[in-house]
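Observations on the three-dimensional arrangement
One-letter residues, chain by chain:
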There are 2 protein chains.
Amino acid sequence: MKTGPGAIYWHVANKSELLVAATDAVLADVLAADASGETPQDAIRTVALGVFDAIDAHPWIGAQLSRLASQSATLQIFERIGRQVQALGVPGAAQFDSASALLNYILGVGGQNAANARAQEPGTSRADVLGAESALWSRLDPDQYPFIRGIAGQLRDHDDRAQFLAGIDLILAGIAALR
Amino acid sequence: MKTGPGAIYWHVANKSELLVAATDAVLADVLAADASGETPQDAIRTVALGVFDAIDAHPWIGAQLSRLASQSATLQIFERIGRQVQALGVPGAAQFDSASALLNYILGVGGQNAANARAQEPGTSRADVLGAESALWSRLDPDQYPFIRGIAGQLRDHDDRAQFLAGIDLILAGIAALR
DNA sequence: ACCTGAACACCGTTCAAGT
DNA sequence: ACCTGAACACCGTTCAAGT
């Protein structure tokens, strides 16, 4: 298949519209899974990891998801999270804040992963990046950066996905605690 | 003052390096405030809001902060949060996850605010955007989007900064609960 | 109705020439 | 040592002409 660069402009108004459509298509799978058998917490973890994995596979999605307004995928994710927050018994006034915190965290991590993927030159693996960063951290001034130096070792075999989930669990624990 | 476009390239290697330097300069103020009189929770809230406000004033910072590796401002923010997490008595293994969750949330919201600011055409106020979004939300299909329709009204006089802080408080509550 | 491909605008970057 | 400004590369978009 081969066309001129102008051909797509018959079908979409601009690149952004194209990305919105492509993002919705990719996330349709994630959103297709039904949550009926799960606890609210597990349902939230499932959507969160689904979005995380989708961005991992297609980093350009990460940059795209921030536009709540135009992006129907984001609306659907927010709706799903919101319902689970309701199911957790969070009182009315706090539901919006709780669902937003979860959505912001999910999209925020996604956006950063996307930025990292963009910044990474081709041929570098995640392990390379972590190794380099870990080396950098352990060379920091111990007086200025005691905390970061202390965790530099943990960075080398670090699991991004597990840490993402740990953050979700912290927010869920916070929701449970404040209820 | 007037120069040719090539003049800056004597001083910096590329645009990214320029943005890193500018970001560090802007955040120097935020990081200058000392946290000695505050509780760990308040110290975390102070840094978080400082970063939030800095991005609000200079949206381009938001897009910049994701690069943990090269950005010394991000390292300093992470260090400061990490120390407060230690001060909260979080056990060693969980310190990295807790500090990361806070940092990811702060940078994530910042990045999204930056994207929103970029997407917004000049002359539109935040109130305009919220009004439009609120109108859109209240026109959604009640069967598909019951949760979002339910909160559409709350969106019109919505305080981004307060909601950001509510998210920080949820994570702090989660940290306290899991300890 | 849909595609082609030359052309334009915009922006980050280079570089030979200037002071 | 530092600035100038023409020129290049890259990429999103337009549009008159084709089928």
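Residues numbered from 1 in each chain as written. Chains lettered and ligands numbered in written order. Predicted model: local features only at pLDDT ≥ 70, side-chain atom pairs only at ≥ 80, totals over all residues. Heavy atoms only, no water.

1. A short note on the side chain of Gln84(B)
Residues and elements named next belong to chain B. Turning to its location among the elements, glutamine 84 is positioned in helix 4 (residues 72-87). What makes glutamine 84 buried here is its relative accessible area of 13%. Contact partners of glutamine 84, with chain neighbours within four places excluded, come to Ala35, Pro40, Ala43 and Ile44. (Helix = DSSP H or I, 4+ residues; strand = E, 2+ residues; numbered from the N terminus. Buried < 20%, exposed > 50% of the residue type's maximum accessible area, 1.4 Å probe, protein only. Contact = heavy atoms within 4.5 Å.)

2. Some details on the packing of aromatic side chains
Think of a pair of aromatic rings as described by two things: how far the centres are apart, and how the planes are tilted against each other in angle. Going through the model one piece at a time under the given rule, you end up with 12 aromatic pairs over all chains. With a centroid separation of 6.3 Å and an interplanar angle of 70 degrees, the aromatic rings of Phe96(A) and Trp137(B) are classed as edge-to-face. Within this pair, whereas Phe96(A) is found in helix 5 (residues 92-119), its partner Trp137(B) is found in helix 6 (residues 126-138), the two belonging to separate chains. Here the aromatic residues Phe78(A), Phe96(A), Trp137(B) and Phe147(B) are joined through ring pairs into a cluster of three or more. (Phe/Tyr/Trp six-rings, centres within 6.5 Å; stacked < 30°, edge-to-face > 60°.)

3. Describing the protein's contact with DNA strand C
Neighbouring DNA strand C are 13 residues, the closest being Thr3(A), Gly6(A), His11(A), Tyr9(B) and Lys15(B). Among all atoms of DNA strand C positioned within 4 Å of the protein, those belonging to sugar or phosphate total 60%. Gly4(A) has a polar backbone atom sitting 3.3 Å from a phosphate oxygen of DNA strand C. Broken down by class, the residue content of the surface near DNA strand C amounts to 5 nonpolar, 6 polar and 2 charged. (Near = heavy atom within 4 Å. Polar contact = N/O pair within 3.5 Å; in protein donor to acceptor, adjacent residues only side chain to side chain. Nonpolar A, V, L, I, M, F, W, Y, C, P; charged D, E, K, R; others polar.)

4. Remarks on the confidence of the model for chain A
Per-residue pLDDT for chain A has a mean of 92; in total, 98% of the residues score no lower than 70. Across chain A, helix 8 (residues 160-178) of chain A holds the top mean pLDDT of 97, while helix 3 (residues 60-64) of chain A sits lowest at 90. (pLDDT = per-residue confidence, 0-100.)

5. Brief notes about the environment of Ile55(B)
All names here are of chain B. Note that isoleucine 55 resides in helix 2 (residues 40-57). Residues isoleucine 55 and alanine 32 lie 23 residues apart in sequence; the distance between their C-alpha atoms is 16 Å. If we skip the residues at most four places from it in the chain, isoleucine 55 touches Ile61, Gly62, Leu65 and Gly110.

6. Quick look at the relation of the copies chain A and chain B
Once chain A has been moved 0.0 Å along the axis and rotated by 180 degrees, it coincides with chain B to within an RMSD of 0.0 Å. Such a combination of rotation and displacement between the chain copies is what one expects of a two-fold axis. Residue by residue, 100% of the interface of chain A is reproduced at the interface of chain B, so both copies engage with the same surface. (Least-squares fit on C-alpha atoms with pLDDT ≥ 70 in both.)

7. Considerations on the protein's contact with DNA strand D
The environment of DNA strand D is made up of 12 residues, and the closest members are Tyr9(A), Lys15(A), Thr3(B), Gly6(B) and His11(B). Sugar and phosphate atoms represent 61% of those atoms of DNA strand D found within 4 Å of the protein. At 2.6 Å, a side-chain N or O of Tyr9(A) approaches a phosphate oxygen of DNA strand D. Interatomic distance of 3.3 Å between a backbone N/O atom of Gly4(B) and a phosphate oxygen of DNA strand D. Of the residues belonging to the surface near DNA strand D, the class tally is 4 nonpolar, 6 polar and 2 charged.

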